[in-house]
Amino acid sequence: SDAYVKVLKPKDGLAKEIKVALSGPINKYFKYAVKLLNKPDEYSHITIRASGNAIRKAIILVEEIKQKIGDLHQQNTIQSISVDDVWEPKIVGLEVLKQTRQITAYDCILSRAPIDEKNPGTNRQSLPSPDKLTNLKIGQEMMRHIKERE
């Protein structure tokens, strides 16, 4: 209502943490993540964070980063967190309003170094082995010959 104004919380993110918002352009998040991961001496890992409806965008971002960089370890965490919203009154005499709500949150650590593999959300992106690449090339070659005969 017009009698209250929402109190904005200070941003508490670290340089190696990317908080994905529903309204933010995914290409900016992607460029920033690639920039960080291409400085392995400074950033051995980054964390992608999202909540609510932005989780879908964060997962797409993670997959694009893994495709671009390759050979990354990944650890996913999905949890329910409590968020406190505070509204201060514009009118003297009204009380401060506080509301606590539960939201779904997603964290993904992408790391060049191995991550705790005992965690159920951990997996390693493996690059195709030379055998798979060779088999792929042979398969493509066979398909080309079949099409030429038709």
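Residues numbered from 1 in each chain as written. Predicted model: local features only at pLDDT ≥ 70, side-chain atom pairs only at ≥ 80, totals over all residues. Heavy atoms only, no water.

Draft legend 1. Spotlight on the packing of helix α1 (residues 26-37) against helix α2 (residues 55-69). Where α1 meets α2, the closest approach of the two axes is 10 Å, and the angle between their N-to-C directions is 40 degrees. By the criterion of interaxial angle, the relationship of α1 to α2 is oblique. Considering only the axes of α1 and α2, their crossing is right-handed. Between α1 and α2, the contacting residues are Ile26, Tyr29, Phe30, Ala33, Val34 and Leu37 on the first element and Lys57, Ile60, Leu61, Glu64, Ile65, Lys68 and Ile69 on the second. Of the residues belonging to the contact of α1 with α2, the class tally is 10 nonpolar, no polar and three charged. (Axes fitted to C-alpha atoms, helices over the stretch in contact; angles between N-to-C directions. Helix = DSSP H or I, 4+ residues; strand = E, 2+ residues; numbered from the N terminus. Parallel < 35°, antiparallel > 145°, perpendicular 65-115°, else oblique. Left-handed = near helix turned anticlockwise from the far one by under 90°. Contact = heavy atoms within 4.5 Å. Nonpolar A, V, L, I, M, F, W, Y, C, P; charged D, E, K, R; others polar.)

Draft legend 2. α1, seen in detail. The terminal C-alpha atoms of α1 lie 16 Å apart, and with 12 residues this matches the ideal 16 Å at 1.5 Å per residue to within 8%. Considering only its buried residues, α1 is in contact with β2 (17-19), β3 (45-51), α2 and β5 (97-111). (Expected span 1.5 Å × (residues − 1).)

Draft legend 3. Representation of the pairing of β3 in the model. As paired strands, β2 and β3 are joined by three bridges and run parallel to one another. Looking across to β3, one finds that Ile18 is bridged to Ile48. With respect to chirality, the unit in which β2 leads through α1 into the neighbouring parallel β3 is right-handed. Bridging between β3 and β5 involves seven bridges; their strand directions are antiparallel. Opposite His45, over in β5, you have Ser111 as the bridge partner. (Pairing = 2+ DSSP bridges. Right-handed = clockwise from strand over helix to strand, strands pointing away.)

Draft legend 4. Just the pattern of salt bridges, in detail. Going through the model one piece at a time under the given rule, you end up with seven salt bridges. Among the salt bridges present, the one from Glu17 reaches Lys19, with a minimum N-O distance of 3.8 Å. By relative accessible area, which is 14% here, Glu17 ends up buried. Owing to a relative accessible area of 42%, Lys19 belongs among the partly exposed residues under this scheme. Residues Arg49 and Asp107 are paired through a salt bridge, measuring 3.1 Å at the closest nitrogen-oxygen approach. Within this pair, whereas Arg49 is found in strand β3, its partner Asp107 is found in strand β5, the two being separated by 58 residues in sequence. Salt bridges sharing common partners tie together Glu17, Lys19, Arg49 and Asp107. (Salt bridge = Lys/Arg side-chain N within 4 Å of Asp/Glu carboxyl O. Buried < 20%, exposed > 50% of the residue type's maximum accessible area, 1.4 Å probe, protein only.)

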